[in-house]
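# Structural overview
So the chains spell out like this:
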Amino acid sequence: MQAKTMAVFNKDGKFQPHTIERRDPGANDVVVKIEYCGICHSDIHTARSEWGPAAYPCVPGHEIVGKVIAIGKKVKRFKVGEPVGVGCFVDSCGKCSPCKKNEEQFCEVKTVFTYNSTELDGKTPTYGGYASHITVKDKYVLKIKKGLPLDKIAPLLCAGITTYSPLKRYKTSKGKKIGVVGLGGLGHMAVKIAKAMGAEVTVFSTSPSKESDAKRLGAKHFKVTKTPEAFTSMMGKLDLIIDTVSAPHSFTPYLSTLKLGGTMVLVGVSPDPNSLDAFGLIGGRKVLTGSLIGGIKETQEMLDFCARKKVFSDIELIKPEKIDEAYNRTVAGDVKYRFVVDLNTL
Ligand code: NAP
Ligand code: ZN
Ligand code: ZN
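If you're wondering where the values come from, they're calculated on a predicted model, not measured in any experiment. (Residues numbered from 1 in each chain as written. Chains lettered and ligands numbered in written order. Predicted model: local features only at pLDDT ≥ 70, side-chain atom pairs only at ≥ 80, totals over all residues. Heavy atoms only, no water.)

## Focus: the coordination of the zinc ion (ligand 2)
- Coordination of the zinc ion (ligand 2) by the protein comes from C40 (SG), H62 (NE2) and C158 (SG), over a distance range of 2.0 to 2.3 Å.
- Counting the intervening residues between successive donors of the zinc ion (ligand 2) yields the motif C-x21-H-x95-C. One end of the pair, C40, is in the loop between strand 3 (29-38) and helix 1 (41-47); the other, C158, is in the loop between helix 3 (150-153) and helix 4 (159-169), and 118 residues separate them in sequence. (Donors = N, O, S within 2.8 Å, 3.2 Å for Na, K, Ca; no water. Helix = DSSP H or I, 4+ residues; strand = E, 2+ residues; numbered from the N terminus.)

Right under this line is the structure:
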């Protein structure tokens, strides 16, 4: 089966139309006609080989939503015509300890990422969601309730689950004080989800112009990090920080805003090293940790939570020929707050 895609052919290249082969549906496969796909900063890090050399041609995209157009004969959970989502990975061994605990993103054998990866056979390349359709094993396909705005749901498949998972793990609830560092795709979802969980949210941003948006999205406080006052005014106040920054920065000033024993979770993945002063952790016994997307079960739970709470992404919908421009604008911080590619026009 051939699929139309938008692909990039080297780290400095521009996106171009490109045809790839997708497998015909096997007994357990679902074929999804892709309608919308979000642009995650991870797509940019990968397409530009910022995290190490990518495999080209590269078709990024792991915030995929669309409709089922075909199913294999053993598929029971899905029907043709239903809205569905596909996130950051499309297979794993299913047998190891993390897989059995519904944390397939940490599969000990191999997590097959949606793009720039290979299937479990170790050789068939995977291509992502900037495409007309995709064939995925039913276990890795997410259900989306009918009648919801699919374009605004696409970013939940990565930005949503990546922020929901640590917010939930560290027990975000009414009365908790949560810091969100960086108001981009992940950051704006962290604000909305933390607020929907009942927390009081403080946004730390390098962009003074984002203050009114941060408050509209649900933040109570907004701190511009270019001045020390951003940190001194928040000293010892926060229970949890979600750091979504995509570029190198120092963790130390943020740690000072945590309560005794508070936790800072890194989800942003700068291509270059960040800095940390050990005193920042020792004083107040702070915890610095990380988090990687979420498993399929938790992703479904997040989609259901967001549907119930009416939490969707703020998006700018673009045509496939504008992907390069959207990448440049995202890197420049000019994104409100997720670009989503309309694949209906591919
Ligand atoms: P994004 O939309 O570009 O947002 C990143 C935000 O970080 C920017 O809007 C900006 O917010 C802030 N920022 C950028 N450069 C900065 C700098 N030099 N210093 C301080 N702040 C800066 O990106 P995204 O899609 O949300 O992704 C964010 C990061 O998370 C990326 O590195 C991505 O690869 C990673 N990621 C990780 C996971 C995971 O599972 N852990 C999943 C998805 C993405 P302000 O203007 O408010 O400062
Ligand atoms: Zn992502
Ligand atoms: Zn496994």
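Next comes the rest of the description.
## Quick look at the site of ligand 1
- The environment of ligand 1 is formed by 28 residues, the closest being S205, T206, S207, K210 and R338.
- A distance of 2.8 Å separates an oxygen atom of ligand 1 from a polar backbone atom of G185.
- The backbone of V269 places a nitrogen or oxygen atom 3.0 Å from an oxygen atom of ligand 1.
- Bound to the protein, ligand 1 loses 89% of the 920 Å² it would expose on its own. (Near = heavy atom within 4 Å. Polar contact = N/O pair within 3.5 Å; in protein donor to acceptor, adjacent residues only side chain to side chain. Areas by Shrake-Rupley, 256 points an atom, 1.4 Å probe, with all protein chains shown as cover.)

## So, the layout of surface pockets
- A volume near 220 Å³ is recorded for the second largest pocket.
- Around the second largest pocket, the lining comprises 15 residues; the ones closest to its centre are R22, R23, E119, P125 and T135.
- Contributing elements (two or more residues each) for the lining of the second largest pocket: strand 2 (16-21) and strand 8 (133-137).
- Considering every element that reaches the lining of the second largest pocket, the biggest residue donor is strand 8, with four residues.
- Grouping the constituent residues of the lining of the second largest pocket by class yields six nonpolar, four polar and five charged. (1 Å grid on protein atoms, 1.4 Å probe; cavity = no way out; pocket = protein on both sides within 12 Å on 5 of 7 lines; lining within 4 Å. Points joined across faces, edges and corners; volume = space filled by probe spheres on them. Nonpolar A, V, L, I, M, F, W, Y, C, P; charged D, E, K, R; others polar.)

## Quick look at the domain arrangement of the chain
- With domains assigned, the chain is organised as domain 1 (2-158 + 313-345) and domain 2 (159-290).
- At the junction of the two partners, domain 1 supplies 15 residues and domain 2 supplies 18 residues.
- Summing both sides of the interface, domain 1 and domain 2 together bury roughly 1300 Å²; the carbon and sulfur share of this comes to 52%.
- It is C158, D314 and Y337 that lose the most area in domain 1 upon contact with domain 2, and together they represent 42% of the buried surface on that side.
- Here domain 1 is connected to domain 2 by three salt bridges.
- Between domain 1 and domain 2 we count 15 residue pairs in polar contact (both at pLDDT 80 or more) in total.
- Taken together, the residues of the side of domain 1 that touches domain 2 sort by class into six nonpolar, four polar and five charged. (Domains from an automatic or database assignment. Contact = heavy atoms within 4.5 Å. Buried area = accessible area lost by both parts, 1.4 Å probe. Salt bridge = Lys/Arg side-chain N within 4 Å of Asp/Glu carboxyl O.)

## Regarding empty space enclosed by the protein
- Applying the stated criterion to the full structure yields two cavities of 30 Å³ or more.
- If you add up the space inside the largest cavity, you get close to 70 Å³.
- Considering the residues around the largest cavity, the lining is formed by G87, C88, F89, L142, L157, I161, I293, G294, I296 and T299.
- In the lining of the largest cavity, the residues fall into seven nonpolar, three polar and no charged.
- Computed from the structure, the second largest cavity encloses a volume of approximately 50 Å³.

## Topic: the pairing of strand 4 (residues 64-71)
- Of the pairings in the sheet, the one linking strand 3 to strand 4 comprises seven bridges and is antiparallel in character. Bridge assignment links V32 to a residue of strand 4, and that residue is V68.
- In this structure, strand 4 lies alongside strand 5 (residues 83-86), joined through four bridges in antiparallel fashion. Its bridge partner being in strand 5, I64 is matched across the sheet by V86. (Pairing = 2+ DSSP bridges.)

## A word on unusual backbone geometry
- Cis geometry is adopted by the peptide bond preceding P57, which originates at Y56 and carries an omega value of -5°.
- With respect to the helices, strands and loops of the structure, P57 is situated in the loop between helix 1 and strand 4.
- Cis geometry is adopted by the peptide bond preceding Y337, which originates at K336 and carries an omega value of -15°.
- Here Y337 lies in the loop between helix 11 (323-331) and strand 17 (338-342).
- The phi dihedral of I293 is positive, around 30°, even though this residue is not glycine.
- Mapped onto the fold, I293 is located in the loop between strand 15 (287-290) and helix 10 (296-309).
- For I293, a relative accessible area of 7% translates into the label buried. (Buried < 20%, exposed > 50% of the residue type's maximum accessible area, 1.4 Å probe, protein only.)

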